[in-house]
Amino acid sequence: MRVLHYKWIFVGLVSFFLSCKNQETKSLLAINTDDQSMFNDAIREQYFTALDSTAHYMQQIDTLNSLSKNQELFLKSRKWYKRVEPMLIAYDYENYISMNAPNLLKVEIDDHQDIKILKPKSFQVLEELLYDEEGFSNEELNRVLEYLKIRIPFVRKNHILITQRDRHHLKMIRDAIVNIATKGITGFDSPKLANSLNEAIYNYESLQNVLAIYKDAFADKKLYNQWEDEITATINVLKNGNFDEFDRYSFIKSHTNYQLDLVAKTAQDWNIKLSESRALDPKVTSLFDKNFFNMKMFSTQRAPDITKERIELGRQLFNDKVLSGSGTISCATCHIAEKAFTDGHKIAKGINGQDLQRNSPTLTYAVYQRSLFYDGRADGLEDQIVGVTNNKNEFHIDLNQLEEKIQEKSAYKVQFDSLYDGKITDMNVRNAIATYIRSLAPFDSKFDRNMNNLEETMTTEEITGFNLFMGKAACATCHFPPAFNGTVPPKYMESEFENLGVPKNASFENPVLDDDWGQYYPYEVEEKKHFFKTSTVRNVDLTGPYMHNGVYKTLEEVVEFYNVGGGQGMGLDVPYQTLPPDSLHLTTTESKAIIAFMKTLTDKRFEKEAVN
């Protein structure tokens, strides 16, 4: 008995010391504001587990299996991929893009002699193959499998999750929340199965695990509990949802925005500052906040601050005909403020009323396009202005001559003395005009005001329209929130171009494909023929006629064009169309609801014009 008694004393002492050691380890794990995170090992372990599980099921997919078996294995691999996705986006973005690319050709152009046409080998391609009702070739399946079976272990072996700081992990959580709301619940990367809500659950489970790793690091334990309750509630909402009927409006308003608020509070709790050198402002607590985007990251490097005075100078220059060689037109000729900075013409008018090449796009929210002009030939607003000055049918003026004209006006000289150190250069002139254009993105429409809880005026039809736009109608898979243009979340580093098969005439019975080849030029790449920039849907009630060629006069025609599947859906030969040719099967009521929603995106300053 005495031996047994001593044995239990020994076991008790060992347990006590082990407990103390565990407590000591826990107490050593804390937020580090100046060095790499103490939680990297635990997060890396979660990363490895998810990648290994993704690879495990992917390795088992084989052409010798039955189709049902391969579909089962795909879903299991995809589930684990979605659990690793938040970390991939944060720490291996290029491989995230590669492994989750849409089933569309990618064209990389460096110069005339270096043009690459790349076929994607991604999860999206695999999904479309395995669930295609018309079947698939084993050769194509093997092509995709060979890549993914090698790539996933490669990602694990060559990971860079080593020296991250706690602010990087919090940004990872923030970016994942934005990605789910703007792409994850829209069907963007589940084109066949529309399994987006379940996949969003897997994303949130991963975030929940990361936050659990940080549980003891929270100074405010109530804040951690708020996170736990919120993610649990979010997962339950997603579990009870149906893709076509899911209330994305309430989800973003009640969950996404609340989670962004929790991110901001967590940064305070951890006493860390999220980076301000990225596309998104780290302090905002709403997806539709006017400061959601970090304006500096959509401006030229080392550009002067955006001030009221520079905006006003830019406005004056924007409206001044002296900037054109003929002295007869200004920027405002093609971009009329009352028409949301379009001109109402099918094709823009240049000097002496001469038709230009394409329709005048709105300048509102143009700041959040990474490429300008419909064919993307300009990289920024200042660059875009050069294209206008050089065009013989537009300003047709040498940049040096432009400087001289402005120097002759004493009022401008005073302003440039104050705002640009007295330097009236073509770059400073262009910057002033671009600064004015950058100010044309207020995010204060009826929709924004409702999303930001400033009013409760959205009708049932308008909310239904938003949910259709973000779901069944698949509009948001190209027009991404919050700018509703083609700049891709969550990094917002590139703007997309699409081939919709736009006709030159408005007939749905006898359409004729437009002869504007878009991005085919200047490199004459067949696979880029008929590609055009995805424009913003904001202020769309005022920016007709629509499309790059102004072919459609009404929003009803535009929605019907998408509903029938674009050019291919109307029977046109459009080899590289990116819009699925299948009908969306929208009812008349659903089409009306989508239009009603889009009309809520009219900026406050234009609301009277929209009513009239």
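Residues numbered from 1 in each chain as written. Predicted model: local features only at pLDDT ≥ 70, side-chain atom pairs only at ≥ 80, totals over all residues. Heavy atoms only, no water.

1. Section: the environment of Y521
The topology assignment puts Y521 in the loop between β3 (497-498) and β4 (532-533). Look at Y521 and you get partly exposed, because its relative accessible area is 47%. A sequence separation of 144 residues divides Y521 from R377, and the C-alpha atoms of the two residues are 9.5 Å apart. (Helix = DSSP H or I, 4+ residues; strand = E, 2+ residues; numbered from the N terminus. Buried < 20%, exposed > 50% of the residue type's maximum accessible area, 1.4 Å probe, protein only.)

2. Some points on the packing of aromatic side chains
Tallied over the entire structure, the rule returns 42 aromatic pairs. Measuring from centroid to centroid gives 5.4 Å for F416 and Y420, while their planes differ by 35°, and the two rings are tilted. The pair F416 / Y420 is uniform in exposure class, with both members buried. Connected via pairs of aromatic rings, a cluster forms that spans Y249, F288, F447, F466, F469, F484 and F597. Between the NZ or CZ atom of K528 and the centre of the ring of F531, over which it lies, the distance is 4.7 Å. When the ring centre of Y365 is taken as origin, the NZ or CZ atom of R538, which lies over that ring, is 5.0 Å away. (Phe/Tyr/Trp six-rings, centres within 6.5 Å; stacked < 30°, edge-to-face > 60°. Lys NZ or Arg CZ within 6 Å of the ring centre and 35° of its normal.)

3. Brief notes about the confidence of the model for the protein chain
A low pLDDT score tells you not to read the predicted coordinates there in detail. With 95% of its residues at a pLDDT of 70 or more, the protein chain shows a mean pLDDT of 93. Per-residue pLDDT stays below 50 along residues 1-27; that stretch engages in one contact with residues further than four places along the chain or on separate chains. (pLDDT = per-residue confidence, 0-100. Contact = heavy atoms within 4.5 Å.)

4. Quick look at helix α21 (residues 588-599)
End to end, α21 covers 17 Å across 12 residues, agreeing with the expected 16 Å (1.5 Å per residue, within 8%). Along α21, the positions that sit buried rather than exposed are E590, S591, A593, I594, I595, A596, F597 and M598. (Expected span 1.5 Å × (residues − 1).)

5. Some thoughts on the environment of D582
Residue placement: D582 occurs in the loop between α20 (566-569) and α21. Taking the C-alpha atoms as reference, D582 lies 6.3 Å from G569; in sequence the two are 13 residues apart. For D582, the contacting residues outside a window of four places in its chain are N563 and G565.

6. Section: the pattern of salt bridges
Using the criterion set out here, one finds 36 salt bridges in the structure. Ionic pairing is found between R538 and D448, a salt bridge with its closest N-O pair at 2.8 Å. Here R538 is found in the loop between β4 and α19 (555-563), whereas its partner D448 is found in helix α17 (residues 446-451), with 90 residues between them in sequence. Neither residue differs from the other here; R538 and D448 are each classed as buried. Here the residues in one salt-bridge network are R78, K82, E85, D189 and E199, joined through shared partners. (Salt bridge = Lys/Arg side-chain N within 4 Å of Asp/Glu carboxyl O.)

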